[in-house]
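# Structure assessment
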Amino acid sequence: MKNQRTMFRNLIVVLALGLFLSSCSQNPAALDLIPKESPFVSVLDVKSLALKAELNAGDFKSLQFLEDEVSNESKELGKLYKKYRSNPSETGINVLSDFFLFSTRDAGEGRYIALSTDLSDGKKFEAFVSQMLAESQKELNLPSQFQIEEAGTFKTVVFDDAILAWDNSKMLFMAGQNYEDGKALLAQTESLFALNGKATIKDVASFNRFYERSTDLNLWLSFAYLKDIVPAYQNLSNMPYSLDDNYLSLHMDFTNEGIKLESIYDYSDELAKLQKEYGLYDQSFNEKLLNYLPKESYMNASFAINPEGMYKFMSAGGEGPETDMMLSQIQQATGMSMDKILSSFGGSGAFSIYNFEAHTDTISTYKQEYNPKKFAYYDNSIGDSVYEGGFDFVPTEEVKENTIPRLATVFDLKDQSTFQKLLENEKVKNNILKTEKGSYVMDLGQTVFFFEFKDDMALFCNDPELVKAFQKDGLGENSLSKNPMAANMKNSHFTMYLNLNKADYPEIVQSLIGDGLMRAPETAMNWISSLRSLDVSSEGTNKASIQLKTEKTEHNSLHEILKMSEDFIF
């Protein structure tokens, strides 16, 4: 079994290497092997990934290690490895094909993970497989029963727990998830090769749109069939809508200036109608809130959603026992129902961490002190006690430098009195004091938080100066509303920004970050030093993007990540 796995690993490695020159094909035959009921399909643009990873640069220890390992196990297999790596088209693989990874199941309990791609020449591919099998059986004692077999319109090699199959235009490699045997694998392979156009993934409009938008790495999910691979989804019977015809697309793109991940949710007509009925996204962001947060920050976030509509939407399918218990506990603790609490919020809010202040903590601890008379015993030969040294743990105090972030949250309200009642609740009033001016103060020792109300807004922060600005007209030209990112906040239902440039932080914060990374490899430190920011934002009601931005470098971010990962291993 070890030799079998070794041979097959080498075979798959060469197949992957054969795709290094690939690019997207407009109508891959490999899609004909994917049933429309697949819970997920992943698409890899292997040519783009290989070029961005710069795998042929010669500086990857792992590739040289793999080549050496293959050659050490078998000189002949090593020669084949080099041959097909230098001229991948000789494998018979279509060098213009994408790489598809998908999940499928049979009529029973069998579940499978499969990989497919296009072939340019089925006969060449058969010769390639035949050569690999022969050399593995000769050099590695692979059992002789693993042979190429005719199976109707295609050919196969059936292993104990996997199968390789192909015809003249496409190949399939499939393994069982539940220890399915060769007979079950062959039966499932026959069903996949027998699929017609209407039964394949190409008949799903959402997938076709997803594939047209594909970038470096892509993942498509069908929520209707996700229960086949995620059992927990079967417990969503109280959802207010069906999971049918709901799809999620994820697209990841690597650049020289970072990584971008885009998500697109394709709503069913039923879900779109419910969202409109409950007005989930009717709430526009209240841009006045930005006048009360500082212009520059290390982190900020914003949101705009209809809280009442969201609660009604989530409650439409009925409450489960866990939810009922949670809502009951909330009402007992606050004296208010959840819908009463949510109806007091306007639906817009913004958060910011904008400064760090040095702080010293005196900590009680112990230190070791040498005691020359730690141990003693009586020596009869000299008629006296003999002492030996040792260490005692002695109580002491240490002064440590620390930092306290200045943070603030501002949000709009429909009913100020409801929130004030929450602050004056018996459960929390021992921790929160109400001042003569009507403000609320929570003293945590190292810092003091303030709750302030003004018209239809509320502020929660630990900065007395910001409280003064809130009570007046805001921060004016120094407010977040004057920052270019404010435009994105005004037009999105959710945004988040995080400054990842270590050099922008105070020295004490830089020191804390450095202490946490002191053992990281040099390549990891270099890549971390190139990080600039993380930006998250929504677009409309069904799109979102995450951008990890780095300093523009000579190499693509994928190359840098692979080198960093490799240095952790080797």
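Everything below is about the structure shown above.
Presented here is a report on the structure given in the accompanying data block. (Residues numbered from 1 in each chain as written. Predicted model: local features only at pLDDT ≥ 70, side-chain atom pairs only at ≥ 80, totals over all residues. Heavy atoms only, no water.)

## Description of the packing of helix α8 (residues 269-278) against helix α9 (residues 307-315)
What counts, and what does not: Each axis is a line fitted through C-alpha atoms, taken for helices only over the stretch in contact, and angles between the N-to-C directions span 0 to 180 degrees. Comment: elements are numbered from the N terminus, with helices defined as DSSP H or I runs of at least four residues and strands as E runs of at least two. What sets the label is the angle itself: under 35 degrees gives roughly parallel, over 145 gives roughly antiparallel, 65 to 115 gives roughly perpendicular, and the rest give oblique. Crossing handedness is defined as follows: a turn of the near helix away from the far one that is anticlockwise and smaller than a right angle gives a left-handed crossing, while the clockwise case is right-handed. Here a residue-residue contact requires only that any non-hydrogen atoms of the pair lie within 4.5 Å. Residues are grouped as follows: Ala, Val, Leu, Ile, Met, Phe, Trp, Tyr, Cys and Pro are nonpolar; Asp, Glu, Lys and Arg are charged; every other residue, Gly included, is polar.
Running from N to C, α8 and α9 point in directions that differ by 135°, and their axes come no closer than 9 Å. The angle between α8 and α9 falls in the class oblique. At the point where α8 passes α9, the crossing takes the right-handed sense. Two secondary-structure elements touch here, α8 through Leu 271, Leu 274 and Tyr 278 and α9 through Gly 309, Lys 312 and Phe 313. Taken together, the residues of the contact of α8 with α9 sort by class into four nonpolar, one polar and one charged.

## Side note on the side chain of Thr 189
Keep this limit in mind: The rule is simple: take the accessible area with a 1.4 Å probe, protein chains only, and divide by the maximum for that residue type; under 20% is buried, over 50% is exposed, in between is partly exposed. We call two N or O atoms a polar contact when they sit within 3.5 Å, provided that within protein one can donate a hydrogen and the other can accept it, with sequence-adjacent residues counted only if both atoms are side-chain atoms.
Assignment of secondary structure puts Thr 189 in helix α6 (residues 182-193). Residue class for Thr 189 comes out buried when judged on its relative accessible area of 0%. One polar contact links the side chain of Thr 189 to the main-chain carbonyl oxygen of Leu 185, over a distance of 2.8 Å. Ignoring sequence-local partners within four residues, the contact set of Thr 189 consists of Phe 154, Ile 163, Ala 165, Leu 172 and Met 174.

## Points about α6
Worth spelling out the cut-off: Here, expected helix span is obtained from the residue count minus one, scaled by 1.5 Å. Arc, as used here, means the arc of the directions from the helix axis to the C-beta atoms.
End to end, α6 covers 16 Å across twelve residues, agreeing with the expected 16 Å (1.5 Å per residue, within 8%). Those residues of α6 lying buried are Gly 182, Leu 185, Gln 188, Thr 189, Leu 192 and Phe 193. Around the axis of α6, the buried residues are gathered within 135° of arc, so they sit on the same side. In this structure, the buried side of α6 is in contact with β2 (99-105), β3 (111-118), β5 (154-158), β6 (162-166) and β7 (170-176).

## Things to note about the pattern of salt bridges
This is how the line gets drawn: Any Lys or Arg side-chain nitrogen found within 4 Å of a carboxyl oxygen on Asp or Glu counts as a salt bridge.
Applying the stated criterion across every chain, the model contains 19 salt bridges. Note that Lys 52 and Asp 216 form a salt bridge whose closest N and O atoms lie 2.7 Å from each other. Of the two residues, Lys 52 is situated in helix α2 (residues 46-53) and Asp 216 in the loop between α7 (205-212) and β8 (217-222); the sequence distance between them amounts to 164 residues. What makes Lys 52 buried here is its relative accessible area of 18%. Judged by its relative accessible area of 2%, Asp 216 is buried.

## Section: the nonpolar core
Our working rule: Put simply, a nonpolar core is a bunch of buried Ala, Val, Leu, Ile, Met, Phe, Trp, Tyr and Cys residues held in one set by side-chain atoms that sit within 4.5 Å of each other.
Counting residues in hydrophobic clusters, the biggest one holds 26 residues, and the most contacted among them are Val 41, Phe 100, Leu 172, Met 174, Ile 201, Phe 207 and Trp 220. The set of elements that each furnish at least two residues to this core consists of β1 (40-44), β2, β3, β6, β7, α6 and α7. Setting aside chain neighbours within four positions, we find Phe 100 in contact with Pro 28, Ala 30, Leu 31, Ile 34, Val 41, Ser 42, Val 43, Ala 114, Leu 115, Ser 116 and Tyr 211.

## Comments concerning the environment of Phe 494
Positionally, Phe 494 belongs in strand β18 (residues 494-499). Of the residues examined, Phe 494 reaches a relative accessible area of 38% and is grouped as partly exposed. In the structure, Phe 494 is positioned 42 residues away from Val 536 in sequence and 7.8 Å away in space, judged by C-alpha atoms. Here Phe 494 is in contact with Ser 302, Phe 303, Val 536, Ser 537 and Ser 538, once residues within four sequence places are set aside.

## Focus on the side chain of Glu 452
Within the element layout of this structure, Glu 452 appears in strand β16 (residues 448-454). Classification of Glu 452 as buried rests on a relative accessible area of 7%. A distance of 2.6 Å separates the side chain of Glu 452 from the side chain of Ser 439, its partner in a polar contact. Only 3.3 Å separates the side chain of Glu 452 from the side chain of Gln 471, close enough to count as a polar contact.

## Comments concerning unusual backbone geometry
In terms of backbone geometry, most residues other than glycine have negative phi values and most peptide bonds are trans. Unlike most non-glycine residues, Asp 245 shows phi in positive territory, near 60°. Position of Asp 245 among the secondary structure elements: in the loop between β8 and β9 (247-255). Taking the relative accessible area as the measure of exposure, Asp 245 reaches 48% and is therefore partly exposed. At Asp 455, a position not held by glycine, the phi torsion is positive, near 50°. Relative to the assigned elements, Asp 455 resides in the loop between β16 and β17 (457-461).

## A closer look at helix α12 (residues 416-423)
Those residues of α12 that fall on the buried side of the exposure criterion are Thr 418, Phe 419, Leu 422 and Leu 423. Down the axis, α12 shows its buried residues gathered within 140° of arc, on one side only.

## A few points about the environment of Glu 109
One can find Glu 109 in the loop between β2 and β3. For Glu 109 and Asn 178, which are 69 residues apart along the polypeptide, the C-alpha to C-alpha distance reads 8.4 Å. Beyond its immediate stretch of four places on either side in the chain, Glu 109 contacts Asn 178 and Glu 180.

## Considering the packing of aromatic side chains
What counts, and what does not: Ring geometry is summarised as follows: Phe, Tyr and Trp rings, the Trp one being its six-membered ring, pair when their centres sit within 6.5 Å, and such pairs are stacked at plane angles under 30 degrees, edge-to-face over 60 and tilted between the two.
One pass over the full model with this rule turns up 22 aromatic pairs. Seen from their ring centres, Phe 125 and Phe 128 are 6.0 Å apart, and the 50° between their planes marks the pair as tilted. In this pair, Phe 125 and Phe 128 both sit in helix α5 (residues 122-139), three residues apart, roughly one turn of the helix. Of the two residues examined, Phe 125 and Phe 128, each falls in the buried class. Ring centres of Phe 125 and Trp 166 lie 5.4 Å apart, and the angle between their planes is 75°; this geometry places the pair in the edge-to-face category. On the criterion of sequence distance, the pair formed by Phe 125 in helix α5 and Trp 166 in strand β6 is long-range, its members being 41 residues apart. The same class applies to Phe 125 and to Trp 166, which are both buried. Feature note: the residues Phe 100, Phe 207, Phe 210, Tyr 211, Trp 220 and Tyr 247 constitute an aromatic cluster, connected by ring pairs.

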